[in-house]
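# Coordinate analysis (summary)
Residues per chain are reported as follows:
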Amino acid sequence: MTNPMKTLFAFALIFSLNSLATPNSIVAIVNDELITFDAISAKIKPASTKAEKIKLIDNQINLVLQLEKIQKFGIKPKLSFVNSMLSNIASQNGLTLAQLQANAQYDEILENINQQLSLRGLKQLVLQEANIKLSQAEIDTMLSKNPSKSESLNKQIKIAQIVISSIDQTDSLLQSKDNLIQQFLTELSDKINAGTSFSSLAKLHSQDPSYKNGGESEWLDENRLPALFKQQISQLKADELSPPFQTEQAWRIIKIIDKRSVDNHLIALKSQLVQSKKNTFFKDWVKALRKNAYIEIFDHKL
């Protein structure tokens, strides 16, 4: 049977449980912060070389410098994120949140969570300054190393819609809600066909969140659209309005804005390239912190 605390101990790697570690001593100084052997001892293996130990110290130095910036910028994780991570840890270990909070290592685990989330927040803040662009040469090189295993393209579509799910029936008690909505959408269609902006009417009348964008959607995968949407779209030309039609929760009119075919493999590769450049940008930012910091490593103690 798996020990329910195993995940907790694995998660809280910052804690040293190695009773055979070298007695604690100062192995580095970063500005006004001391780094002790205890900070890295849990990650040292019997076969670890001196170079590998120095690498661990370098990582700890980077951590200290980032924590200094977190304090300077006043970065604090949202309580909802902290609670969510605590709930996940409790669930993974078969514990209730109350049982986790009663654990002897709870304070240390909570501190570790706050630190992780703060570091993530710092990275997001720093990356706001990154202007990531991909050159065609970079994309071509990536494709040459990772050719697509499929030639199929994913068909996507962008639509605009006006959605009505409720309407004032005060003046028309003899007509059903559905009839009133259908009639109202027909009137809007007539106005659009007569030259009124679809976008302006969507912003005024649509009851879907897309009204903020004039009813315009993001790119949608055609094969994931509901059957009723597919049926209406198959009969439409670009910029042609559909008749009012009813879905499960509302009535709507739609028009096609644009269509395209995309290579999902290419999109994934581009995403990898962007993420790689972001990671490089952040690493360079941390390197710049080191240049302006006082750092001394006592490697003779390793």
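Before going into details, it helps to say that this report is about the structure given with it. In this text the structure is predicted, and so the values were computed from the model without any measurement.

## Here's the deal with the overall build of the protein
- The helix and strand tally for the protein stands at 11 helices and seven strands.
- Against the compact-globule benchmark of 19 Å for 302 residues, the protein has a radius of gyration of 29 Å, which places it well outside the compact range.
- Projected onto the principal axes, the alpha-carbon positions of the protein cover approximately 85 × 55 × 45 Å.
- Put simply, the protein has 302 residues, and 32% of those count as buried.
- Separation between the mean location of the 36 positive side-chain charges and that of the 31 negative ones in the protein comes to 6 Å.

## Describing the side chain of Lys 158
- When you line up the elements, Lys 158 lands in strand β3 (residues 154–164).
- Its relative accessible area of 17% is what places Lys 158 among the buried residues.
- Other than its neighbours up to four places away in sequence, Lys 158 contacts Glu 216, Ser 217, Glu 218, Trp 219, Lys 255, Ile 256, Ile 257 and Asp 258.

## Section: the nonpolar core
- Judged by nonpolar contacts, the single largest core of 14 residues is most densely connected at Val 30, Ile 35, Ile 57, Ile 61 and Leu 65.
- Those elements that provide at least two residues to this core are β1 (26–30) and α3 (50–73).
- Here this core takes five residues from α3, the largest share from any one element.
- Those residues in contact with Leu 65, other than ones at most four positions away along the chain, are Val 30, Asn 31, Leu 289, Arg 290 and Ala 293.
- Listed in part, the 13 residues of the second largest apolar core include Ile 164, Leu 201, Ala 202 and Ile 253.

## Description of helix α8 (residues 177–193)
- Compared with an ideal rise of 1.5 Å per residue, which puts 17 residues at 24 Å, α8 spans 24 Å between its outermost C-alpha atoms and is within 8% of the ideal.
- Along α8, the residues classified as buried are Leu 180, Ile 181, Leu 185, Leu 188, Ser 189 and Ile 192.
- Packing partners of the buried residues in α8 comprise β3, α9 (198–205) and β6 (251–262).
- Taken from the residues just after α8, Gly 195 is the one with a positive phi, measuring 120°.

## Focus: the packing of helix α7 (residues 136–145) against helix α11 (residues 264–291)
- The contact between α7 and α11 brings their axes to 10 Å, and the two run at 115°. Along this stretch, α7 crosses α11, giving a crossing that reads as right-handed. Contacts between α7 and α11 involve Glu 138, Ile 139, Met 142 and Leu 143 from the former and His 265, Leu 266, Leu 269, Lys 270, Gln 272, Leu 273 and Lys 277 from the latter.

## Some details on the pattern of salt bridges
- Per the counting criterion, the structure on display carries four salt bridges.
- Salt-bridge contacts for Lys 158 lead to Glu 216; the nearest nitrogen and oxygen are separated by 3.9 Å. Of this pair, Lys 158 sits in strand β3 while Glu 216 sits in the loop between α9 and β4 (220–221), and the two are 58 residues apart along the sequence.

## Focus: the sheet that holds β3
- Strands sit in the order β4-β3-β6-β5 across an open sheet of four strands; the sheet is antiparallel. Of all strands in the sheet, those with a lone pairing partner are β4 and β5 (245–246), marking the two edges.
- Sheet analysis places β5 next to β6, joined by two bridges and oriented antiparallel. Opposite Gln 246, over in β6, you have Trp 251 as the bridge partner.

Calculation criteria
Residues numbered from 1 in each chain as written. Predicted model: local features only at pLDDT ≥ 70, side-chain atom pairs only at ≥ 80, totals over all residues. Heavy atoms only, no water. Helix = DSSP H or I, 4+ residues; strand = E, 2+ residues; numbered from the N terminus. Rg over C-alpha atoms; globule rule 2.2 N^0.38 Å. Buried < 20%, exposed > 50% of the residue type's maximum accessible area, 1.4 Å probe, protein only. Lys, Arg positive; Asp, Glu negative; His and termini not counted. Charge placed at Lys NZ, Arg CZ, Asp CG, Glu CD. Contact = heavy atoms within 4.5 Å. Core = buried A, V, L, I, M, F, W, Y, C linked by side-chain atoms within 4.5 Å. Expected span 1.5 Å × (residues − 1). Axes fitted to C-alpha atoms, helices over the stretch in contact; angles between N-to-C directions. Left-handed = near helix turned anticlockwise from the far one by under 90°. Salt bridge = Lys/Arg side-chain N within 4 Å of Asp/Glu carboxyl O. Pairing = 2+ DSSP bridges.

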